[in-house]
Amino acid sequence: MDNPALPAALAVFDAINTGDLDALPRLVTPDFVDHGSPFPLEPGPDGYRRILTWVTRVLRIRYRITDTIQTADRIVLRAEATGHGIAPVHGPDAVGLPYTMTTIHIYRTEGTRLAEHWGVRDEVGAMVQVGALPAPDPSALDLAAQLPAPHENTAAR
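Since this is a predicted model, take the numbers as computed values, not measurements. (Residues numbered from 1 in each chain as written. Predicted model: local features only at pLDDT ≥ 70, side-chain atom pairs only at ≥ 80, totals over all residues. Heavy atoms only, no water.)

Below, the discussion takes up the pairing of strand β2 (residues 62–70). Judged from the eight bridges that link them, β2 and strand β3 (residues 74–84) form a sheet pairing that is antiparallel. Bridge pairing links Arg62 to Thr82 in β3. In textbook terms, the turn of a hairpin is the stretch between consecutive antiparallel strands, and for β2 and β3 this stretch comprises three residues. (Pairing = 2+ DSSP bridges. Helix = DSSP H or I, 4+ residues; strand = E, 2+ residues; numbered from the N terminus.)

Moving on, we come to the nonpolar core. Most often, soluble globular proteins have nonpolar side chains that are buried together. Val12, Tyr48, Leu52, Ile61, Tyr107 and Leu114 are the most contacted members of the largest nonpolar core, which totals 33 residues. Contributions of two or more residues to this core are made by α1 (6–18), α2 (24–27), β1 (28–34), α3 (45–59), β3 and β4 (98–110). Top element by residues in this core is α1. It accounts for seven residues. Aside from chain neighbours lying at most four places away, what touches Val12 is Leu24, Leu27, Tyr48, Leu52, Tyr107 and Leu114. (Core = buried A, V, L, I, M, F, W, Y, C linked by side-chain atoms within 4.5 Å. Buried < 20%, exposed > 50% of the residue type's maximum accessible area, 1.4 Å probe, protein only. Contact = heavy atoms within 4.5 Å.)

Each aromatic ring pair is characterised by the separation of its centres together with the angle its planes make. A complete count under the given rule lists three aromatic pairs for this structure. Between Phe39 and Trp54, the aromatic rings sit 4.9 Å apart at their centres with planes inclined by 85°, giving edge-to-face as the arrangement. With a gap of 15 residues between them, Phe39 in the loop between β1 and α3 and Trp54 in helix α3 connect regions that are remote in the sequence. Judged by relative accessible area, which is 25%, Trp54 ranks as partly exposed. (Phe/Tyr/Trp six-rings, centres within 6.5 Å; stacked < 30°, edge-to-face > 60°.)

The subject of this paragraph is the layout of surface pockets. There is about 430 Å³ of room inside the largest pocket. Surrounding the largest pocket, 26 residues form its lining, Trp54, Val55, Leu59, Arg121 and Glu123 being those nearest its centre. Mapped onto the lining of the largest pocket, the elements with two or more residues apiece are α1, α3, α4 (87–90), β4, β5 (113–121) and α5 (123–129). (1 Å grid on protein atoms, 1.4 Å probe; cavity = no way out; pocket = protein on both sides within 12 Å on 5 of 7 lines; lining within 4 Å. Points joined across faces, edges and corners; volume = space filled by probe spheres on them.)

Pairing of β1 with β5, which is carried by three bridges, proceeds in the parallel orientation. From the neighbouring strand, Val28 faces β5, where its bridge partner is Leu114. With eight bridges joining them, β4 and β5 adopt antiparallel strand pairing. The residue of β5 that forms the bridge with Arg108 is Glu116. Between β4 and the antiparallel strand that follows it, β5, lie two residues; Gly111 among them carries a positive phi value of about 65°.

Read these as spatial facts, not as claims about activity.
So this is what it looks like as structure tokens:
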């Protein structure tokens, strides 16, 4: 199934990669909501431009789309983001260190435009890569074998 807003979703990623966000008003609805932003934003293209300006200028993120799923009113993009550590986000020791982060972006669409966005990012993985967080101890996986199995829910009987 082809979603007519797929070109808009792909154009958003092109805009991020080039830093040219001028097309956003043509790509998103006037009441567009970005639920994936770490900051509160006003709805619409101006709010989306604000967070994407931060993504492109501060984080200097670039994306490579690795998978696309479409339904009648949804577009899901799996993408690999690359960036470099910055002090306010990753700490002073991570400045300039490269990272790669897996991401998933879900857009609700209206016609040829994007109406809502939800984003999931492996920010912990990025923090581990730049040394801002320690890598998880692999032996922690063995904890499951040491814990009792969950009890059957008897309240539902």
